[in-house]
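One-letter residues, chain by chain:
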Amino acid sequence: MERSLPQLEDVFWAVADEVRGQILTMLRGNEMCACKILEHFDMRQPTLSHHMKILCNAQLVTSRRDGRWVRYRLNQPVIQELIDALAVLQEEKAPVLPPPMGGKTRLYVLTGFLGSGKTTLLLRLLTALEGRRVGVIQNEFGKLGIDGQILQRGDVEMVEINRGSIFCSCLKLSFVQALADMAKQDLDYLFVESSGLGDPSNYQEILDAAKELGGDHYDFQGAICLIDAVNFPRQLQDMETVERQLKHCHLAAVTKADLIGPEKMEELKEAIRKINPRCPILTSTQGDLDLSFLGEDLLQYTWCEGEETTNTEETKPKTISLWFDGVMKQETLDAILQEVLPHAYRIKGFFHLEEGWNQVDVVGDRIDHAPCDAHERSQLVFISRIGPQIIKKIMEAWQNHTDAKMELKN
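The text that follows walks through the structure, step by step, so that each part is easy to find. (Residues numbered from 1 in each chain as written. Predicted model: local features only at pLDDT ≥ 70, side-chain atom pairs only at ≥ 80, totals over all residues. Heavy atoms only, no water.)

## Observations concerning the sheet that holds strand 2 (residues 61-66)
Selection criterion: Should DSSP find at least two bridges between two strands, the strands are regarded as paired. A run of H or I in DSSP becomes a helix once it reaches four residues, and a run of E becomes a strand once it reaches two; helices and strands are each numbered from the N terminus. Pairs of residues are marked as contacts when any of their non-hydrogen atoms sit within 4.5 Å. Helix axes are fitted only over the stretch in contact, all axes being lines through C-alpha atoms; the angle between N-to-C directions runs from 0 to 180 degrees.
Ordered by their spatial adjacency, three strands build an open sheet running 1-3-2, and the pairing between neighbours is antiparallel. Each edge of the sheet is formed by a strand with only one pairing partner; in this case those strands are strand 1 (32-33) and strand 2. Each of strand 2 and strand 3 (69-74) touches helix 4 (residues 45-57); the most contacted strand, strand 2, lies at about 130 degrees to it.

See the structure below:
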């Protein structure tokens, strides 16, 4: 007769208690009389019976009566099956990492429009690759490196390139130099997080230039494009960059998948297939993406050859940073942001609220807050849909809700 495994909540409840944990340790490899357990813990019989009932209900322990006493032993077959089942779950979640390249660094490019979740995924990758030598080149359109502050870790080599796209002629040389410099760090992995406004159509040209400058140190593994499940249809209509990112990727990852239903997901996948019919499509919630792609050959899904990027000095959107020294109520800040968000592709930063310091993230019509470490000053970055006119929109919204002083900087 096939035995069914116990409910995991029963198992976790059983082992959560320190005394029951000690009892399990005592029973390891031995059958033991209840009298011996009573002597060890100096407890009353009803208390021991309560603990043993929980352990037996969880099927971790079996019992047999021996005269006036009960004898207990570990239920080894069930415990082994639980260990095997948990191992399977762990294998499904943990990426199978390939062995070191023998001197070459695995290079991945992360693309995706503003707010699609690139930094969240990168944080997950850094955690999964703990113990490996990992580097990050982080690119933002604004002057302030907001995401770079979030990613800052002592065990990660990091370079920030701000004020434009690394694929634009204005920063292309800086990107090539950063790749050459990172090649000297003897890394296992290098992740390039491009700006959400970056068009990576010319990535191969840049990789070739880095090879000429710094030598053949990289094994390019592919471009991973993150697709915002909620905002992608609108973003696709707004900017050609969104289509270019998907067209030149080797893996598409749909983020915020929990925020749309099955029908919308199918429509979204159809839209992706019209632009890139070859790349695999994964789905993700809160960066919880299947990382098994780290052991795959993504370049087999190459769909099209490189082309000239649409990122130029002339097409670069206007970015404005706001600085504030005071403390504000969250509802006041949110009211200001609600007025400005129709005119901005993205708003993000750190802000000192009455509730404490918060990381602020605005994508589409959604304003998200998360507690964060304190900063010297509150700072927000606005990436404009309407050019320099956004300065007037920010000032009007601010003055509509507060008399506090703030600064706007280019």
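## What to know about the nonpolar core
The nonpolar side chains of soluble globular proteins are, as a tendency, buried together. Condition: As used here, the term nonpolar core means buried Ala, Val, Leu, Ile, Met, Phe, Trp, Tyr and Cys residues forming a set that is joined through side-chain atoms within 4.5 Å. With a 1.4 Å probe rolled over the protein chains alone, any residue whose accessible area is under 20% of its type maximum counts as buried; one over 50% counts as exposed, and the rest are partly exposed.
Counting residues in hydrophobic clusters, the biggest one holds 24 residues, and the most contacted among them are I23, I37, L48, L55, L60, V61 and Y72. Put simply, the parts of the chain that give this core at least two residues each are helix 1 (8-16), helix 2 (18-27), helix 3 (34-41), helix 4, strand 3 and helix 5 (76-93).

## A look at unusual backbone geometry
Glycine aside, residues mostly have negative phi, and peptide bonds are mostly found in the trans state. We note that D186 has phi near 55 degrees; this positive angle belongs to a residue other than glycine. Residue position: D186 is located in the loop between helix 8 (172-182) and strand 7 (189-193). One non-glycine residue with positive phi stands out, namely K256, at about 60 degrees. Residue K256 is classed as partly exposed on the basis of its relative accessible area of 22%.

## Let's talk about the pairing of strand 4 (residues 105-112)
Counting buried residues along strand 4, eight of its eight residues qualify, which places the element largely inside the surrounding structure. Covered by surrounding structure in strand 4 are T105, L107, V109 and T111 together with R106, Y108, L110 and G112, the residues of both alternating faces. Relative to strand 8 (residues 218-228), strand 4 runs parallel, the two sharing eight bridges. When the bridges of strand 8 are listed, T105 appears paired with Y218. Pairing between strand 4 and strand 7: five bridges, direction parallel.

## Examining the environment of K318
In this structure, K318 sits in the loop between strand 10 (281-283) and strand 11 (319-324). With a relative accessible area of 26%, K318 lands in the partly exposed category. Measuring from C-alpha to C-alpha, the distance between K318 and F382 comes to 8.3 Å, with 64 residues separating the pair along the chain. What K318 contacts, discounting residues up to four positions off in sequence, is F382, I383, S384, G387, P388 and N410.

## Concerning helix 9 (residues 203-214)
Counted only if it meets this: In this scheme, a helix's expected span is set at 1.5 Å multiplied by one less than its residue total. It is the directions from the helix axis to the C-beta atoms whose arc is reported.
Its 12 residues give helix 9 an end-to-end C-alpha distance of 16 Å, which sits within 8% of 16 Å, the value for a rise of 1.5 Å per residue. Of all the positions in helix 9, only Y203, I206, L207 and A210 are classed as buried. Relative to the axis of helix 9, the buried residues are bounded by an arc of 100 degrees and lie together on one face. Packed against the buried residues of helix 9 are strand 4, helix 8 and strand 8. Phi turns positive, to about 100 degrees, at G215, one or two residues after helix 9.

## What about the packing of aromatic side chains?
To keep it simple, the criterion reads: Put simply, two rings from Phe, Tyr or Trp (the six-membered ring, in Trp's case) pair if the centres are within 6.5 Å, and we call them stacked under 30 degrees between planes, edge-to-face over 60, tilted for the rest. In this analysis the charged atom, NZ for Lys or CZ for Arg, is taken to sit over a ring once it is within 6 Å of the ring centre and within 35 degrees of the ring normal.
The tally for this structure, following the rule as stated, stands at eight aromatic pairs. Measuring from centroid to centroid gives 5.6 Å for Y108 and F191, while their planes differ by 20 degrees, and the two rings are stacked. Here the residue Y108 occupies a position in strand 4, and F191 occupies one in strand 7, the gap between them amounting to 83 residues. Pair check on accessibility: Y108 and F191 agree, each one buried. Aromatic pair F324 and W398: ring centres 5.3 Å apart, planes at 70 degrees, arrangement edge-to-face. Of this pair, F324 sits in strand 11 while W398 sits in helix 14 (residues 390-401); the two residues are 74 residues apart in sequence, bridging distant segments of the chain. Judged by relative accessible area, F324 falls into the buried class, the value being 4%. You can call W398 buried: its relative accessible area is 3%. One aromatic cluster in this structure is built from Y108, Y189, F191 and F293. Its guanidinium or amino end placed over the ring of W323, K409 lies 5.2 Å from that ring's centre, counting from NZ or CZ.

## Examining the side chain of S165
Definition in use: By the criterion applied in these results, polar contacts are pairs of N or O atoms within 3.5 Å in which, for protein atoms, one can donate a hydrogen and the other can accept it, and in which residues neighboring in sequence qualify only through two side-chain atoms.
Within the element layout of this structure, S165 appears in the loop between strand 6 (156-161) and helix 8. Its relative accessible area of 1% is what places S165 among the buried residues. Polar contacts involving the side chain of S165 include one to the main-chain amide nitrogen of F167, which spans 3.1 Å. A polar atom in the side chain of S165 sits 2.7 Å from the side chain of N311.

By themselves these figures say nothing about function.
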